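# Coordinate inspection notes
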Amino acid sequence: MLRLRGAHISTRTHQRNRLNKCSADREKAGEVMEHSKQTQYGSAEKKDAGDGGSVLNGHFDGMVKRPAGGTGRSGAAQTPGAESGSHRATSSVMESWKEERTRSVEDNEMSLPSLAAAYTTILRGLGEDPQRQGLLKTPWRAATAMQFFTKGYQEKIIDVLNDAIFDEDHDEMVIVKDIDMFSMCEHHLVPIFGRVHIGYLPNKRVLGLSKLARIVEIYSRRLQVQERLTKQIAVAITEALQPTGVGVVIEATHMCMVMRGVQKMNSKTVTSTMLGVFREDPKTRDEFLTLIRS
Amino acid sequence: MESHHASEMNGVVTEYLKMCIESKHNGLCREEDSKDTAGSNKLSCIERAYSTILSELGEDVDREGLLRTPLRAAKAMQFLTKGYKETTQDILNDAIFDENHEEMVIVKDIELFSLCEHHLVPFFGKAHIAYLPNKKVVGLSKLARIVEIYSRRLQVQERLTKQIASAITEALEPAGVAVVIEAVHMCMVMRGVQKMNASTVTSVMLGRFDEDPKTRKDFLALTMKK
């Protein structure tokens, strides 16, 4: 069987198998169904992760590639030129992308009834009446909303970036700031929102500006921890462009801290990742931080 | 996409309702006799539901960051809907005082956090409350507590505003009550239309605030100025 995107196909097959099993299971207690779903899903993900322990949320092993002009890129020639440049972009992005897309649009549709049932259980558990007029379709709306909030799992950087890397003889800082970001806290499933500021020093290759915002979207629309989100964005840009340096600063409000728990209304969390010359050279870093503040 | 899902919803609504009813009868969320076990039973019900949600979303339930997330999310959700268990009588009983004051009393910029009952996503903002006492005044923090009781529920902003106004009216029988809520709805900001800066303002004017335009104008001038 031809495996084009092997992991993707096997995920879908697994999904289908899981659901076939579950339609028979539906007559039995829901608990068994949930358990079998979880174990099957768990084993599926572990199988598909392949080498290099990166799993669903694009966890990296902590090893960040230092941006250097084309070192360690097998196969792609180092000769300049648009064609080989874009080929290099493609191969370098695909090569280093261990992260698999875990969800498809079909998966979304197939999960909707179980998600809706889970939300109905939650409504009932909270003491509400799921049959009252305002709540009648809430499980479906909440399920669709949650799928939207985690749509980053359906997307891959390579889909977004492929065409928008250009050769440009520019080696001054490029900054895109005040990118609105919305994410979900993976610990409490409550929103996080804030702003992302990205700066990079191109090394003969620049990126379409909206693609920086799209990278933010892909990684933020997931169950996240702000530290990891910052790092993922920085590493994605590094691996796509091999720039001289990348800086990412995220300033966010965590509803889990504002709406519950300590309940500190005005608190903000700031995280940053500086790679390459942004880390090594304090003047570059200063310039970046000054420009995003102004 | 919305209409597609609507037709899908109508098609399979009976199926998922059957699933919910079946799971109920299978003892998944059985009503318990004693109160203690009922509470923890409900919590574990919600916790299991969140586990299902996590796995259906395509996440790995066994990874370190998500191990206790169902429990945390269940507790968070219970906290965010704790208003169901509270009543105005509990908090107001002792703090109503006889005072010969008939001028407007305003408590403004009361932070408010609630959950949209349609999407289960937060909305938050500020509430401004004013009332014209009729020989009885209430402890100021009690106004904020009334806001808390009604906002920590699955709400619709219009209903929330009205409930706060009605609660104050019933408790104090004042000459007039005004409540204005200005809130940002995450369901509009994070999804759907995705308008970052839109906010929703609702107001309820009862008694003299409704009848007398000058009183209303005074209230709005005092609360809405930046």
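The structure displayed is predicted, hence computed values, not measured ones.

### Re the overall build of chain A
- Across its full length, chain A carries 11 helices and 7 strands.
- Taking all 294 residues of chain A together, the buried fraction comes to 56%.
- When the accessible surface of chain A is summed, it comes to about 13000 Å², and 53% of that surface belongs to carbon and sulfur atoms.

### Observations regarding the sheet that holds strand β7 (residues 269-276) of chain A
- Spatial strand order, β5-β2-β3-β6-β7 (chain A): 5 strands in an open sheet with mixed pairing. What marks the edges here is a single partner per strand, and that holds for β5 (223-224) and β7 of chain A.

### A few points about the confidence of the model for chain A
All names here are of chain A.
- Chain-level statistics for chain A give a pLDDT mean of 76 and a share of 66% at 70 or above.
- Residue range residues 1-55 is modelled with pLDDT below 50. Its contacts to residues more than four positions away, or to other chains, number 73 contacts.
- Note that residues 59-97 has pLDDT below 50 and, in this model, 58 contacts with residues that lie over four places away or in other chains.

### A short note on the packing of helix α7 (residues 209-220) of chain A against helix α8 (residues 226-241) of chain A
Residue and element names in this part refer to chain A.
- Taken N-terminus to C-terminus, the directions of α7 and α8 make an angle of 135°; their axes are 10 Å apart at the nearest point. When the interaxial angle is binned, α7 and α8 end up oblique. Considering only the axes of α7 and α8, their crossing is right-handed. The segment α7 lies against α8, with L212, I215, V216, Y219 and S220 engaging L229, Q232, I233, A236 and I237.

### Things to note about the packing of helix α5 (residues 140-151) of chain B against helix α6 (residues 157-172) of chain B
Residues and elements named next belong to chain B.
- Contact geometry of α5 with α6 gives a least axis separation of 10 Å together with a crossing angle of 135°. One way to sum up the angle between α5 and α6 is to call them oblique. Considering how the two elements wind past one another, α5 and α6 form a crossing that is right-handed. Here L143, I146, V147, Y150 and S151 of α5 come into contact with α6, specifically with L160, Q163, I164, A167 and I168.

### Side note on the pairing of strand β6 (residues 245-254) of chain A
Residues and elements named next belong to chain A.
- Taking burial as the measure, the 10 residues of β6 include 9 buried ones, the bulk of the element.
- Looking at chain direction, strand β3 (residues 191-201) and β6 are connected through 10 bridges and run antiparallel. Residue pairing in the sheet places I198 in a bridge with V248 of β6.
- Of the strand pairs in this sheet, β6 and β7 are connected by 8 bridges, and their pairing is antiparallel. Bridge pairing links G247 to M274 in β7.

### Here's the deal with the sheet that holds strand β6 (residues 176-185) of chain B
All names here are of chain B.
- Spatial strand order, β5-β2-β3-β6-β7: 5 strands in an open sheet with mixed pairing. Edge strands, defined here as strands with exactly one partner in the open sheet, are β5 (154-155) and β7 (200-207).
- Relative to β5, strand β2 (residues 105-116) runs parallel, the two sharing 2 bridges. Each bridged residue has a counterpart across the sheet, and for L115 the counterpart in β5 is L154.
- On the sheet, α6 packs against β2, β3 (122-132), β5, β6 and β7 and is oriented at approximately 155° with respect to β6.

### Observations regarding the pattern of salt bridges
- Going through the model one piece at a time under the given rule, you end up with 18 salt bridges over all chains.
- The shortest N-O distance in the salt bridge between E217 of chain A and K151 of chain A comes to 3.2 Å. A residue pair is termed long-range when its members are at least 10 positions apart, and E217 of chain A in helix α7 and K151 of chain A in the loop between α5 (138-149) and α6 (157-161) qualify at 66 residues.
- The exposure class of K151 of chain A is buried, given its relative accessible area of 18%.
- Measuring nitrogen to oxygen at the nearest pair gives 3.4 Å for the salt bridge that ties E217 of chain A to R221 of chain A.
- Relative accessible area serves as the criterion here: at 0%, R221 of chain A is assigned to the buried category.
- Sharing partners across several salt bridges, the network here consists of E128 and R132 of chain A together with E117 and R159 of chain B.

### A closer look at helix α9 (residues 213-224) of chain B
Residue and element names in this part refer to chain B.
- Here α9 contains 12 residues, and its C-alpha end-to-end distance of 16 Å stays within 8% of the 16 Å for a straight helix at 1.5 Å per residue.
- Along α9, the positions that sit buried rather than exposed are T215, F219 and T223. On an axial view of α9, the arc spanned by its buried residues comes to 55°, and they lie on one face. In α9, the exposed positions that point more than 90 degrees away from the buried face belong to P213, K214 and K217.

### Quick notes on unusual backbone geometry
All names here are of chain B.
- Look at L120: it is not a glycine, yet its phi comes out positive at around 60°.
- Note that L120 resides in the loop between β2 and β3.
- The phi dihedral of E173 falls on the positive side, at around 50°, and the residue is not glycine.
- By secondary structure assignment, the location of E173 is in the loop between α6 and β6.

### A few points about the packing of aromatic side chains
- The full count for this structure, using the stated rule, is 5 aromatic pairs over all chains.
- Taken together, a centroid distance of 5.7 Å and an interplanar angle of 5° make the contact between F193 of chain A and F124 of chain B stacked. Here F193 of chain A is found in strand β3, whereas its partner F124 of chain B is found in strand β3 on a different chain. An identical accessibility class is assigned to F193 of chain A and F124 of chain B; each is buried.
- A ring pair is formed by F278 of chain A and F288 of chain A, whose centres lie 5.3 Å apart and whose planes are at 90°; its orientation type is edge-to-face. A residue pair is termed long-range when its members are at least 10 positions apart, and F278 of chain A in helix α10 (residues 277-280) and F288 of chain A in helix α11 (residues 282-293) qualify at 10 residues. Per residue, the accessibility class of F278 of chain A equals that of F288 of chain A, and both read buried.
- Directly above the ring of F148 of chain A sits K151 of chain A, whose terminal nitrogen or CZ lies 5.2 Å from the centroid.

### A word on a nonpolar patch on the surface
Residues and elements named next belong to chain B.
- Where nonpolar side chains cluster on the molecular surface, the patch consists of V201, L220 and M224 and spans about 220 Å² of accessible area.
- Considering the arrangement of structural elements, one finds V201 in strand β7.
- On the basis of relative accessible area, V201 is assigned to the partly exposed category, the value being 46%.

What counts, and at which threshold
- Residues numbered from 1 in each chain as written.
- Chains lettered and ligands numbered in written order.
- Predicted model: local features only at pLDDT ≥ 70, side-chain atom pairs only at ≥ 80, totals over all residues.
- Heavy atoms only, no water.
- Helix = DSSP H or I, 4+ residues; strand = E, 2+ residues; numbered from the N terminus.
- Buried < 20%, exposed > 50% of the residue type's maximum accessible area, 1.4 Å probe, protein only.
- Areas by Shrake-Rupley, 256 points an atom, 1.4 Å probe, with all protein chains shown as cover.
- Pairing = 2+ DSSP bridges.
- pLDDT = per-residue confidence, 0-100.
- Contact = heavy atoms within 4.5 Å.
- Axes fitted to C-alpha atoms, helices over the stretch in contact; angles between N-to-C directions.
- Parallel < 35°, antiparallel > 145°, perpendicular 65-115°, else oblique.
- Left-handed = near helix turned anticlockwise from the far one by under 90°.
- Salt bridge = Lys/Arg side-chain N within 4 Å of Asp/Glu carboxyl O.
- Expected span 1.5 Å × (residues − 1).
- Arc of directions from axis to C-beta.
- Phe/Tyr/Trp six-rings, centres within 6.5 Å; stacked < 30°, edge-to-face > 60°.
- Lys NZ or Arg CZ within 6 Å of the ring centre and 35° of its normal.
- Patch = residues over 30% accessible without salt bridge, like charges linked within 9 Å, V, L, I, M, F, W, Y side chains within 5 Å.

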